[in-house]
Amino acid sequence: MTETSSRDSRALRRETDHVVNEVAQGLRTLDDGAAWFSDLSPAGRQEVLREVAGYALQAHITAADGRAGVARSGVKPTANPSVMICMDPPRSGFAGLPADEHEKAFRVLVSVFAVADTRRRQKYCRGTCGHAWHNLPTATKEP
Ligand SMILES: [Zn+2]
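Quantities reported herein were computed from a predicted structural model and do not represent experimental measurements.

*Asks:* So what's going on with the confidence of the model for the chain? Which residues, and what values?
*Replies:* Mean pLDDT over the chain works out to 89, with 90% of the residues at or above the 70 mark. Of all secondary-structure elements in the chain, the lowest mean pLDDT belongs to helix H1 (residues 6-24), at 91, while helix H2 (residues 30-38) reaches the highest, 97.

*Asks:* Now, about the coordination of the zinc ion: what can you tell me, with residues and values included?
*Replies:* Distances from the zinc ion to its protein donors, Cys125 (SG), Cys129 (SG), His131 (ND1) and His134 (ND1), fall at 2.0 to 2.4 Å. The site at the zinc ion holds four donor atoms, and with the angles between them running 107 to 116°, its shape is tetrahedral. One chain supplies every donor to the zinc ion, and in sequence these donors are spaced C-x3-C-x1-H-x2-H. Given a relative accessible area of 3%, Cys125 falls into the buried group. On the basis of relative accessibility, which here comes to 26%, the residue His131 falls in the partly exposed class.

*Asks:* Summarise unusual backbone geometry; cite the residues concerned and give the values.
*Replies:* The omega torsion of the bond from Asp88 to Pro89 falls at 0°, within 30 degrees of zero and hence cis. One can find Pro89 in the loop between helix H5 (80-85) and helix H6 (102-125). Positive phi, close to 55°, is recorded for His60, a residue that is not glycine. With respect to the helices and strands, His60 occurs in the loop between helix H3 (42-58) and helix H4 (63-73). Judged by relative accessible area, His60 falls into the exposed class, the value being 62%.

*Asks:* Run through the packing of aromatic side chains, naming residues and quoting values.
*Replies:* Tallying each qualifying case throughout the model produces three aromatic pairs. Their ring planes at 15° and their centres at 4.5 Å tell us that Phe37 and Phe106 sit as a pair that is stacked. Linking Phe37 in helix H2 with Phe106 in helix H6, this pair joins segments that are 69 residues apart in sequence. With a relative accessible area of 0%, Phe37 lands in the buried category. Judged by centre distance (5.9 Å) and plane angle (50°), the ring pair of Tyr55 and Phe113 falls under tilted. Within this pair, whereas Tyr55 is found in helix H3, its partner Phe113 is found in helix H6, the two being separated by 58 residues in sequence. The pair Tyr55 / Phe113 is uniform in exposure class, with both members buried. Pairwise contacts between aromatic rings join Trp36, Phe37 and Phe106 into one cluster.

Criteria and thresholds
- Residues numbered from 1 in each chain as written.
- Predicted model: local features only at pLDDT ≥ 70, side-chain atom pairs only at ≥ 80, totals over all residues.
- Heavy atoms only, no water.
- pLDDT = per-residue confidence, 0-100.
- Helix = DSSP H or I, 4+ residues; strand = E, 2+ residues; numbered from the N terminus.
- Donors = N, O, S within 2.8 Å, 3.2 Å for Na, K, Ca; no water.
- Tetrahedral: all angles 85-135°; square planar, octahedral: opposite > 155°, others 65-115°.
- Buried < 20%, exposed > 50% of the residue type's maximum accessible area, 1.4 Å probe, protein only.
- Phe/Tyr/Trp six-rings, centres within 6.5 Å; stacked < 30°, edge-to-face > 60°.

As structure tokens, this is what we get:
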């Protein structure tokens with residue numbers, strides 16, 4: 001298996017970046033993102049969870065973002081990933097959860113990232129920033 005080689009890792013990170021930001025910006029549904037995630041290999045899923053947890057931390061998520069994200073994720077607030085993300089400060093280690101909780105963790109993490117990133121876009125970016133992930137090719141759609 002070559003799925004953990006660094007070249008494939010880079011490709012997976014690029015794809016993760018694209019999928020997660022499309023979901024955050026409403027260009028792709030969360031269900032569609034979750035379907036992409038469940039098609040990955042188990043090792044790929046763990047890598048994506050670590051990556052997305054990193055995005056969420058970089059977006060400075062708060063416990064309130066955690067609750068808002070969980071509410072829109074469709075995952076029960078009592079599920080492990082929901083509890084972890086709502087802690088103050090949020091816990092990481094989602095890739096270490098049992099495999100059958102990985103999709104829930106993905107849904108929760110992407111939703112919470114979307115809450116924090118939407119706030120950042122509205123407050124600081126206003127469509128004029130140089131963040132590559134806020135200027136996706138598909139984001140230039142006609143009104
Ligand atoms: Zn931006």
